Amino acid sequence: MVRIQLFQMLLILCCGYGLIWGGRPERYAVIIIMVGFLLTIAVAAPVSERFSYVEVRILLVDTAMLASFFYLALNAERFWTIWLCAMQSIQVLTHLPIIIIPELLPQAYGAVAAIWAYPMLIVLAIGTYRHQQRLRQFGADRSWSDFSSLPK
């Protein structure tokens, strides 16, 4: 229970920080994370059955988040977005062991499936901090790369 409260506190702090002080890439990442968090809660199996089998709906949410982070990484003029994309890739891959080893303990599957959310939030906070540093140092910080299809 403490783990859940710690995550929720970290989620609120990091996403709030990114939303208030971040540039557009940071805000887009906050939206992706928050929508993913809420959808995961909505589609998760009942607690008694959770992680006893492949959580296909959570896998789909994780895959949609990966696609969103990939799109963000391709368009943003930020290095940290690549880290989020890499961590979300690992998050998606954590669903594979239960497919290969169905007798895997639900606690192990659940722990591995959730662990990457913590460093992802920390990377978002560091990215927001670096954005603020660049604003102070240079007076501006480009959000999107020259090849981006997103509005500049």
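Scroll up a little and you will see the structure.
Basis of the calculations
- Residues numbered from 1 in each chain as written.
- Predicted model: local features only at pLDDT ≥ 70, side-chain atom pairs only at ≥ 80, totals over all residues.
- Heavy atoms only, no water.
- Phe/Tyr/Trp six-rings, centres within 6.5 Å; stacked < 30°, edge-to-face > 60°.
- Helix = DSSP H or I, 4+ residues; strand = E, 2+ residues; numbered from the N terminus.
- Buried < 20%, exposed > 50% of the residue type's maximum accessible area, 1.4 Å probe, protein only.
- Expected span 1.5 Å × (residues − 1).
- Contact = heavy atoms within 4.5 Å.
- Disulfide = S-S within 2.5 Å.
- Salt bridge = Lys/Arg side-chain N within 4 Å of Asp/Glu carboxyl O.
- Arc of directions from axis to C-beta.

Glancing now at the packing of aromatic side chains. With the rule as written, the count across this model stands at three aromatic pairs. With a centroid separation of 5.8 Å and an interplanar angle of 45 degrees, the aromatic rings of Phe 7 and Phe 37 are classed as tilted. Taken together, the residues Phe 7 in helix H1 (residues 2–21) and Phe 37 in helix H2 (residues 24–43) connect sequence positions 30 residues apart. With respect to burial, Phe 7 and Phe 37 carry one shared label: buried. Taking the relative accessible area as the measure of exposure, Phe 7 reaches 16% and is therefore buried.

For the rest of this paragraph, the subject is helix H7 (residues 117–138). Between the first and last C-alpha of H7 there are 31 Å, a value that for 22 residues agrees with the 32 Å anticipated at 1.5 Å per step. Along H7, the residues that are buried comprise Tyr 118, Met 120, Leu 121, Val 123, Leu 124, Ala 125, Gly 127, Thr 128, His 131, Gln 132 and Arg 134. For H7, the elements touching its buried residues are H1, H2, helix H3 (56–75), helix H4 (80–93) and helix H6 (106–115).

So, about the side chain of Gln 88. Position of Gln 88 relative to the elements: it lies in helix H4. Looking at Gln 88, the relative accessible area reads 1%, which means it is buried. Setting aside residues up to four positions removed in sequence, Gln 88 forms contacts with Asp 62, Met 65, Leu 66, Phe 69 and Met 120.

Let us now look at the state of the cysteines. According to the stated counting rule, one finds zero disulfides in the structure shown. The thiol of Cys 14 is unpaired, and the distance to the nearest cysteine sulfur, on Cys 15, comes to 6.9 Å. The class for Cys 14 is buried, based on a relative accessible area of 7%. The class of Cys 15 is buried, set by a relative accessible area of 4%.

Next up on the list: the pattern of salt bridges. The full count for this structure, using the stated rule, is five salt bridges. Here Arg 142 and Glu 77 are joined by a salt bridge, their closest N and O atoms 3.5 Å apart. Note that Arg 142 is positioned in the segment after H7 and Glu 77 in the loop between H3 and H4, a separation of 65 residues in sequence. For Glu 77, a relative accessible area of 38% translates into the label partly exposed.

The next thing to look at is the environment of Ile 82. Along the chain, Ile 82 turns up in helix H4. Classification of Ile 82 by relative accessible area gives partly exposed; the value is 45%. Note: C-alpha distance between Ile 82 and Gln 132 (50 residues apart in sequence) is 19 Å.

Our next topic: H4. Over its 14 residues, H4 extends 20 Å from the first C-alpha to the last, a length consistent with the 20 Å expected when each residue adds 1.5 Å. Taken as a whole, H4 has its buried residues at Trp 80, Thr 81, Leu 84, Cys 85, Met 87, Gln 88, Gln 91 and Val 92. For H4, the angular spread of buried residues about the axis comes to 165 degrees, placing them on one side. Buried residues belonging to H4 abut H2, H3, helix H5 (96–100), H6 and H7.

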